[in-house]
Structure formats: structure tokens, C-alpha cells
Amino acid sequence: MEYIFKGDSIMAITPISEPSSSAAASGAAPWQAGHAVWQLGFRPFYLLAAVFAAISVPLWLASYFGLLAGGLQVGLGWHMHEMVFGFALAVVVGFLYTAGRNWTGLPTPHGAPLMALVALWLAGRVAMLCFPGVAAALIDWAFLPLAAWPLYQVLRRSGNTRNLFLVGLLALLALANGLFHAAVLGALPLSLSVPVQAAIFIIVLIESVIGARVIPMFTRNGAPGSTPVASPQRALVAVACMAAAAIAWLAGAPAWLTAPLALAASGVSLANLLAWQPQRTVRVPLLWILHLSYAWIGIGFALLAAASLHLLPASAAFHALTVGSMAGLIIGMMTRTTLGHTGRALKGGRAEAAMYWLIQLGALARLLAAVGPAALAMPALLAAGLCWTLAFVLYAVVYAPYLWRARVDGREG
């Protein structure tokens, strides 16, 4: 099986030590292309995504409760858009740049080109917050095509056709983002939730494909005595069911079609997970977070089936997919890839376990806010926001030095 992160099985026993400050700086200032933070995509995008996540949710809650003054444009549309097209896509791009270099052996954007892409992403966040309109739409939309093009070039030059579909999914995400902006500007009679939900489904498909490749391998390497079974055929069926359920939901298909498709997607994804032996990972935080977060995909599609039958609000399903699955897998892979690609041991400690539990508790609280008693909705919403914020603050505080400094083993990246 092809793997994404080289050396996953041996990093945990590699002796390491922290580099000196001069080595960490690589002789360059942070605003210079030679600084360590600009050497591989995960470094700036993970750090900025974590900081943005820690700021944006409290900002949205302050607006929601009427506590936000001034001219900031923090409505529901902003919240939906920025959590998906701002936060999540920064992590996706940083991850794919890092994985793409390992898949192909060719360099993905680093140095000055990476600095330019990060600057464009930041400009998009500022524009969406402070200057909504045509200019903000163009700045925000431009990021994804410009970020996807170098990945396409690297995959094409290397002949790595197996992963070209990811560029196609990025193109679909760019299309969804364009539809969102067209709806905001009044050029398209479309609910803002439709392109955002489409983007969520696309990111879940990316999670499902990548998860089916790496979670069994990580489990086999990191959980003694485990024998996870990876079935490419079942993984393909899961993706097909998810895509069919997503299309049915977005198209407004009747419940008799949408509900069975969503239940099938839920059942097959959970069958995948059970074959990977999640019970063997309970003592390994870097593993159980991936298993538990992947389980939320199955839970999310089961809730989607209920929502199509009008048994539950749709927000329950989409927050299960975004907070439980997306954020859980994001923080699990952010910690894992940061440790591995800075030359550190692949071992989670108390800080990592705290981040993981905070995200999972936040997912449960957000689900309670959607389906629980009305009296608990507001307290649960606040609890979910607090858990989310603390998780990403903790990541930023603990992992910023790792992302900012050169690899401890002296290698590139």
C-alpha cells in the first residue's frame, strides 16, 4: 500500500534534541524565504489555521449573542464560509503540499511561492471579515485555484496519476466557493448553505479516501498486536455511497432515496472502521483520535438520514461531520504530521490528549445544542465553542515552536 508520510514506523525511536536558536532560524529572519517556517506547506498553514480557528469561533459566538460592536461582518454566512473555505482549506492545502512531496519526491511550494500563497490566504480572511463585496470574493476565491495548480504540476510531472483526483476535488471546492460568493452578491438565487454543505461533503470524501489509506497503516505500526484489515473495495464503496447521499441531499431528493443512501454510507464507513481494530488504539492518543474522528463520518451520515426524514435538524448532521469528523481528523493529523515532519517522536502526551478530548467533547456539546432540550441549547453552544477554542489555542501554544524552527534531525522540510 502506498503511504503518505515516510518513516512513520521509525520516528518514535529516533533520538532527537532541540536545535539551537541559530540552527532553528536557518540564518534567515521570519520575513525571509529561507526561514524554517517557509520550508514546507504544513508549517505556516497549520499554525495560521490553528490561530484562526481559536479566534473565529469566539468572534462568531460574540456576534451571535449580540456582543460584537463595530463594522465587522460576522454573520451566519461568514461563519459557515470561514470554517470551511478559510480554516479547513488551509489545513487541507498544507497537508497536501506535505504529502505531495512524499508521494512524488518533487518539491511543492516553499520559500517565496509559499509566502505568497499564505499572504493571499490571509488577505482573504481579512477581506471576508472587513470588506465584503466583489473585491473580497475575488481575493478569497483566487486562493484555491492558485494553491491547487502547483500540486497538479507536481503530480503530473511525477506520473502520480493515483492522486490526481485530489486536484479534481480541489477544483470542485473552488466551484463551491464561487457559487457561495455568487449567491452572496445576488448573482445567483441560491441558499448560502448549499455550496457550504457541498464543500463539507467534498472534504469528508477527502478524509475518507486518505483515512482509508493511512489509518490502518498507522494502526499496524503504532498499536502492538493489532492486525487491521484495509479493504480498497469497501473503501471505494464507502466513497461511492457518501457521494450518492451527498448528491441526493444537495439536489433535494425525496427522503425515500436520500435516507437509504445516507444509511448505506454510514454503515459501510463504520464497517471500514471496525476492520481497522479501533479497540487496539485506546492507549495510543495519536491513533485513537483518528479512529474516533473517522467514526463521526458514520454518525454524521446516520444523522443526515434522520434529517432527511425530518426527525432531526440538518445542523446536527453537519456539525457531526465538521466538528466531530473534520476537526477531529484535522487536529489528529496536524499533531501527527507536525511531529513526524519536524523530526520528533510520534508520541502523544498530555497536551495532545487534551486537544483531542476537547474537540470530541466540543462535538458532543454542539450535537446537544442541535438536538437537546431548548433550555440546554445556549449553554451547550457556549461549551462547544469553549472546547473548540481551547483545543486550537493549545495546539498553537505547544506546536508553534515546532513549526517555527528547523527540523531537529537536520533534514529538509
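Values in this document were obtained by computation on a predicted structure and should not be read as measured data.

A. Up close: the pattern of salt bridges. Within this structure, the stated rule accounts for 3 salt bridges. The residue Arg407 makes a salt bridge to Asp409 at a minimum N-O spacing of 2.6 Å. The exposure class of Arg407 is buried, given its relative accessible area of 6%. One continuous salt-bridge network, built from bridges that share partners, spans Glu82, Arg125 and Asp140.

B. A look at the environment of Arg350. As for its placement among the helices and strands, Arg350 is situated in helix H12 (residues 350-371). Relative accessible area serves as the criterion here: at 80%, Arg350 is assigned to the exposed category. On a C-alpha basis, the gap between Arg350 and Pro132 in space is 41 Å, while along the polypeptide they are 218 residues apart.

C. A look at the confidence of the model for the protein. Per-residue pLDDT for the protein averages 91, and the proportion of residues at 70 or more is 93%. Note that pLDDT drops below 50 for residues 1-26; the model gives that stretch 56 contacts with residues more than four away or on any other chain.

D. The arrangement of the packing of helix H3 (residues 76-104) against helix H4 (residues 112-130) in detail. Contact geometry of H3 with H4 gives a least axis separation of 11 Å together with a crossing angle of 170°. In this view, H3 runs roughly antiparallel relative to H4, as classed from their interaxial angle. Of H4, the residues touching H3 (which contributes Trp78, His81, Glu82, Phe85, Gly86, Ala90 and Tyr97) are Leu114, Leu117, Trp121, Arg125, Met128 and Leu129. Within the contact of H3 with H4, the residues separate by chemical class into 9 nonpolar, 2 polar and 2 charged.

E. Examining unusual backbone geometry more closely. In the Ramachandran plot, Gln277 falls in the positive-phi region, its phi being about 60° despite a non-glycine side chain. Although it is not a glycine, His310 adopts a positive phi angle of roughly 65°. Tracing the sequence through the fold places His310 in the loop between helix H10 (285-308) and helix H11 (314-341).

F. Molecular detail of the nonpolar core. Grouped together as the largest cluster of nonpolar side chains are 134 residues, with contacts concentrated most on Phe45, Phe87, Leu173, Phe301, Trp388 and Phe392. Sequence-distant contacts of Phe392, defined by excluding residues within four places in its chain, comprise Ala50, Ala53, Ala54, Phe87, Ile331, Met334 and Ile359.

G. Just the packing of helix H6 (residues 164-184) against helix H7 (residues 193-222), in detail. Remark: H6 packs on H7, axes separated minimally by 8 Å, with the N-to-C direction vectors making an angle of 165°. The angle between H6 and H7 places the two elements in the roughly antiparallel class. Relative to H7, H6 is oriented so that their crossing is left-handed. Residue-level inspection shows Phe165, Leu166, Leu169, Leu172, Leu173, Ala176, Leu179 and Phe180 of H6 in contact with H7, the latter providing Pro195, Val196, Ala199, Ile202, Ile203, Ile206, Val209, Ile210 and Arg213.

H. Here's a closer look at the side chain of Thr219. With respect to the helices and strands, the residue Thr219 is situated in helix H7. The residues contacting Thr219, other than those within four sequence positions of it, are Ser226, Pro228, Trp276, Gln277, Thr281, Leu287 and His291.

I. Structural context of a nonpolar patch on the surface. Taken together, the side chains of Tyr64, Phe65, Leu67, Met378 and Leu382 make up a nonpolar region of the molecular surface, amounting to roughly 490 Å² of accessible area. In this structure Met378 comes out as partly exposed when scored by relative accessible area, which is 35%.

J. Representation of the environment of Ala353 within the structure. Its place among the elements puts Ala353 in helix H12. Note on Ala353: relative accessible area 19%, which makes it buried. As a C-alpha pair, Ala353 and Val408 span 55 residues in sequence and 23 Å in three-dimensional space.

K. A look at the packing of aromatic side chains. Across all of its chains, the model carries 17 aromatic pairs by this definition. Taken together, a centroid distance of 5.0 Å and an interplanar angle of 70° make the contact between Tyr399 and Tyr402 edge-to-face. Placement of both Tyr399 and Tyr402 in helix H13 (residues 374-404) is noted, with a separation of 3 residues, approximately one turn of the helix. Looking at Tyr399, the relative accessible area reads 0%, which means it is buried. Residue classification places Tyr402 among the partly exposed positions, given a relative accessible area of 21%. Within the aromatic cluster, the residues linked to one another by ring pairs are Phe201, Trp249, Phe301 and Phe318. If you follow Arg336 out to its NZ or CZ, it ends over the ring of Phe218, 3.7 Å from the centre.

The rules behind the values
Residues numbered from 1 in each chain as written. Predicted model: local features only at pLDDT ≥ 70, side-chain atom pairs only at ≥ 80, totals over all residues. Heavy atoms only, no water. Salt bridge = Lys/Arg side-chain N within 4 Å of Asp/Glu carboxyl O. Buried < 20%, exposed > 50% of the residue type's maximum accessible area, 1.4 Å probe, protein only. Helix = DSSP H or I, 4+ residues; strand = E, 2+ residues; numbered from the N terminus. pLDDT = per-residue confidence, 0-100. Contact = heavy atoms within 4.5 Å. Axes fitted to C-alpha atoms, helices over the stretch in contact; angles between N-to-C directions. Parallel < 35°, antiparallel > 145°, perpendicular 65-115°, else oblique. Nonpolar A, V, L, I, M, F, W, Y, C, P; charged D, E, K, R; others polar. Core = buried A, V, L, I, M, F, W, Y, C linked by side-chain atoms within 4.5 Å. Left-handed = near helix turned anticlockwise from the far one by under 90°. Patch = residues over 30% accessible without salt bridge, like charges linked within 9 Å, V, L, I, M, F, W, Y side chains within 5 Å. Areas by Shrake-Rupley, 256 points an atom, 1.4 Å probe, with all protein chains shown as cover. Phe/Tyr/Trp six-rings, centres within 6.5 Å; stacked < 30°, edge-to-face > 60°. Lys NZ or Arg CZ within 6 Å of the ring centre and 35° of its normal.

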